Amino acid sequence: MSDDRKLKLVPRPKDGEADEPPPTPEERAEAEALRDALERDDEPISGALRALYRPKELETPEVDALLDRALEPSAAEVDEDDAAGIEGPMPADDEELEAARELREDLAQLEGPRGPRPAPVSTELGELAEMLRAAHDPAGIDELRNEALIAKALGRRATGGHGARRRGALGSIVGGVVAAAAVAAGLFAVQFSAQDEAPVQVGASAASLIQARSTTELFDAAEPFPRTGGTTARIDKIARSRAADLRQNRYVAWGVRE
Amino acid sequence: MRLANLEVVGSLALVLALVGACADMSRDPGADATQSEVPMCPCGSGDAPVVDTTLLAFLSAARSAHHKADLSEKSEDTKAAIAVLDQLVAGPRPDLDAPEIAEVLADTHARLADLRSADGDFQSASEHVDEGLKLAERPTHFRGHLFEVRGLVEERRASALDADGKADEAKRARELAVESFEKAIDIQEQVITEALSEVPAPAPK
C-alpha cells in the first residue's frame, strides 16, 4: 500500500449523525500539559514505554545495593535469631533445598535454546525469571499469533465504534499523543505473523486475494544459492513475505477500504 | 487526523508495543499454530489457493525447525539438527497445492543431504536430493541448488572412497559430481534467461 492512502478503520458518521464535538478549552489545556510533560520527559506512560524499549543499564553499585537490601535479614528476624542464640545463617532445611533445586532446573531451562513457546518452568521465581528475560530480550513473536492479536484489537475497535465516539474527546487527544511514543516502540519490537482466532468476514472477491505462488521472485535470478548454508535465511524471507500477503488478504476480506 | 481515528491508532499502537515486549510471556500451551478456524475461503481466481493461515502455519513451523537446526549445529550436535529437519519433511503438511510448500521442503531436503553427507551417510544424502528434485521440478534456484548439493555429496563420497582405497569407485563419484555441477550451471542459466525474458524490451527510439 502506498503511503498516501489512508485506511478508514472506523466508518464515517451517517448523514444527520453528529460528528465529534470540537475539543473544549479544558481539553486543549490538558493536551498542552501532556505535550509539555512529554517534552520534559515527565510523562509516566511514555516514560515506561521508553524504558521498556531502551532500558538504561544499572550501575554496579546500584545492583549491589539492591541485592544487599533483598538479602539482608529483617529486624524481626535478627531479634528472633538473637533470642535463640543463633549466630550467622542457618543451614537450609529440606524444603528450602528442594525449592532451590527446582529453581536451578528452571534457570537451566531458560539457558537452553529458545523456542516459539515459553520455557516449561515450574516455580514462581522461574516464571519471574522468564518474564524478566522476555522483557529484556523478547523472542520473536510467532507470525500467526501476532495476526490473531491484531485481529482481536481491530475486531474490538470495530464493535465499540459508536461508544468510542461518544466518549469525551479528551481520551482521544491523550490516546493520540501517547500513540506517537507507542508506535515507535511497537514498530521495532513486533514481527508480524498470523494466527487466526477471530472470525473474518468473507466479503472480498476471490480475484482480489493474493494467491500462493512460487517464491523465486524473492531471490535474485543472477545469484544462485550458496552451495552450503543460507537455508534458514531463505525460509525466513519466504515466511515474512507470505505473512505480509496474509495481512493484505485479511484487510481485503474484512472490507477495509483504502 | 480525526479524533476517533487517533483513538483507534493509539489503541492499536499500544497493543503492538505491549505485544512486542511481551512476545512470549503469555502461556497458551493448548494452542497450536496449525489450529485455526480457517475462516477464509481458500479459493482464489483460477486453481491456485490463496495465502491463508494454513500456509502461514506451515511456513512458521518450517522456520522454527530450521532455526532449531541452526542452534543444534552451533552446538555441534549434527544429529539433533538432522532429527528436527527430518520431522519437518516427514511430518504433516497442509493439503494445499502451494508452490511455497514444495520449495521450502525441497530446500530442507537439500540441507538434510548436506548434513547427512557431512556425517558420512551418503546413501541417505542421495535419497534426500532425489526427494527434493521431485518437489522442485521447474528450473529454479531450488532445483539448481539440489544439483549442486548432489555434486557436493558425490565429492565427499569420492574423498571417503579414496580414503578406503577404492580408487575406481572414487573416480566414478567424482565424475558424477562434475555432471551435477554442470547441471546446476545449466539450470542457473535457464533461471537468468527466464528472468530476462520477463523484463520488457526498451521501446525503440
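Residues numbered from 1 in each chain as written. Chains lettered and ligands numbered in written order. Predicted model: local features only at pLDDT ≥ 70, side-chain atom pairs only at ≥ 80, totals over all residues. Heavy atoms only, no water.

Caption draft 1: Spatial organisation of the overall build of chain B. Of the regular secondary structure elements, chain B holds 7 helices and 0 strands. Counting helices and strands in the order they occur from the N terminus, chain B gives α-α-α-α-α-α-α. Counting the 205 residues in chain B, one finds 46% classified as buried. Taking all contacts inside chain B whose residues are at least 6 apart in sequence as the whole, residues at least 24 apart take part in 58%. (Helix = DSSP H or I, 4+ residues; strand = E, 2+ residues; numbered from the N terminus. Buried < 20%, exposed > 50% of the residue type's maximum accessible area, 1.4 Å probe, protein only. Contact = heavy atoms within 4.5 Å.)

Caption draft 2: Spatial organisation of a nonpolar patch on the surface. On the surface, a nonpolar cluster with roughly 490 Å² of combined accessible area is contributed by Leu58, Val63, Leu66, Leu67 and Leu71 of chain A. Within the secondary structure, Leu66 of chain A sits in helix 3 (residues 60-71). (Patch = residues over 30% accessible without salt bridge, like charges linked within 9 Å, V, L, I, M, F, W, Y side chains within 5 Å. Areas by Shrake-Rupley, 256 points an atom, 1.4 Å probe, with all protein chains shown as cover. Salt bridge = Lys/Arg side-chain N within 4 Å of Asp/Glu carboxyl O.)

Caption draft 3: View of the confidence of the model for chain A. Residues and elements named next belong to chain A. Looking at chain A, the pLDDT average stands at 74 and 62% of residues meet or exceed 70. Mean pLDDT values over the elements of chain A span from 48, in helix 8 (residues 161-166), up to 92, in helix 10 (residues 231-254). With pLDDT under 50 throughout, residues 158-166 is counted as low confidence; its partners more than four residues away or in other chains account for 8 contacts. pLDDT under 50 marks residues 191-204. Its contacts with residues more than four places away, or in other chains, come to 61 contacts. (pLDDT = per-residue confidence, 0-100.)

Caption draft 4: Just the packing of aromatic side chains, in detail. Applying the stated criterion across every chain yields a total of 3 aromatic pairs over all chains. Taken together, a centroid distance of 6.0 Å and an interplanar angle of 85° make the contact between Phe219 of chain A and Phe142 of chain B edge-to-face. One end of the pair, Phe219 of chain A, is in the loop between helix 9 (169-189) and helix 10; the other, Phe142 of chain B, is in helix 6 (residues 141-163), on a second chain. Owing to a relative accessible area of 13%, Phe219 of chain A belongs among the buried residues under this scheme. Here Phe142 of chain B falls in the buried class, since its relative accessible area comes to 2%. Through a chain of ring-to-ring contacts, three or more aromatic side chains come together here, namely Phe219 and Phe225 of chain A together with Phe142 of chain B. Here Arg234 of chain A stacks its cationic end above the ring of Phe225 of chain A, 4.1 Å away from the centre of that ring. Above the plane of the ring of Phe147 of chain B lies Lys183 of chain B, whose end atom (NZ or CZ) is 5.8 Å from the centre. (Phe/Tyr/Trp six-rings, centres within 6.5 Å; stacked < 30°, edge-to-face > 60°. Lys NZ or Arg CZ within 6 Å of the ring centre and 35° of its normal.)

Caption draft 5: Focus on unusual backbone geometry. Positioned with a positive phi, Asp41 of chain A is a non-glycine residue whose angle comes to about 60°. Inspection of the secondary structure puts Asp41 of chain A in the loop between helix 1 (25-39) and helix 2 (44-53). The phi dihedral of Glu76 of chain B is positive, around 60°, even though this residue is not glycine. Here Glu76 of chain B shows up in the loop between helix 2 (53-74) and helix 3 (78-90).

Caption draft 6: Local environment of the pattern of salt bridges. For the structure shown, the criterion picks out 25 salt bridges over all chains. Measuring nitrogen to oxygen at the nearest pair gives 2.9 Å for the salt bridge that ties Arg213 of chain A to Asp245 of chain A. Of this pair, Arg213 of chain A sits in the loop between helix 9 and helix 10 while Asp245 of chain A sits in helix 10; the two residues are 32 residues apart in sequence, bridging distant segments of the chain. The exposure class of Arg213 of chain A is partly exposed, given its relative accessible area of 24%. In this structure Asp245 of chain A comes out as buried when scored by relative accessible area, which is 10%. The residue Arg174 of chain B makes a salt bridge to Asp162 of chain B at a minimum N-O spacing of 2.8 Å. Here Arg174 of chain B, found in helix 7 (residues 167-198), pairs with Asp162 of chain B, found in helix 6; they are 12 residues apart in sequence, far enough to count as distant. Where salt bridges share partners, they join Arg213, Glu217, Arg242 and Asp245 of chain A together with Glu100 of chain B into one cluster.

Caption draft 7: Structural view of helix 6 (residues 124-136) of chain A. Residues and elements named next belong to chain A. The terminal C-alpha atoms of helix 6, which comprises 13 residues, lie 18 Å apart, in line with the 18 Å expected from a rise of 1.5 Å per residue. Those residues of helix 6 that sit buried are Gly126, Glu130, Arg133 and Ala134. Taken end-on, helix 6 shows its buried residues confined to a sector of 100°, consistent with a single buried face. Residues of helix 6 that are exposed and point over 90 degrees away from its buried face: Glu124, Leu125, Leu132 and His136. (Expected span 1.5 Å × (residues − 1). Arc of directions from axis to C-beta.)

Caption draft 8: Just the environment of Leu218 of chain A, in detail. All names here are of chain A. One can find Leu218 in the loop between helix 9 and helix 10. By relative accessible area, which is 18% here, Leu218 ends up buried. Along the chain, Leu218 and Ile238 lie 20 residues apart, while their C-alpha atoms are 7.5 Å from each other. Aside from chain neighbours lying at most four places away, what touches Leu218 is Lys237, Ile238, Ser241 and Arg242.

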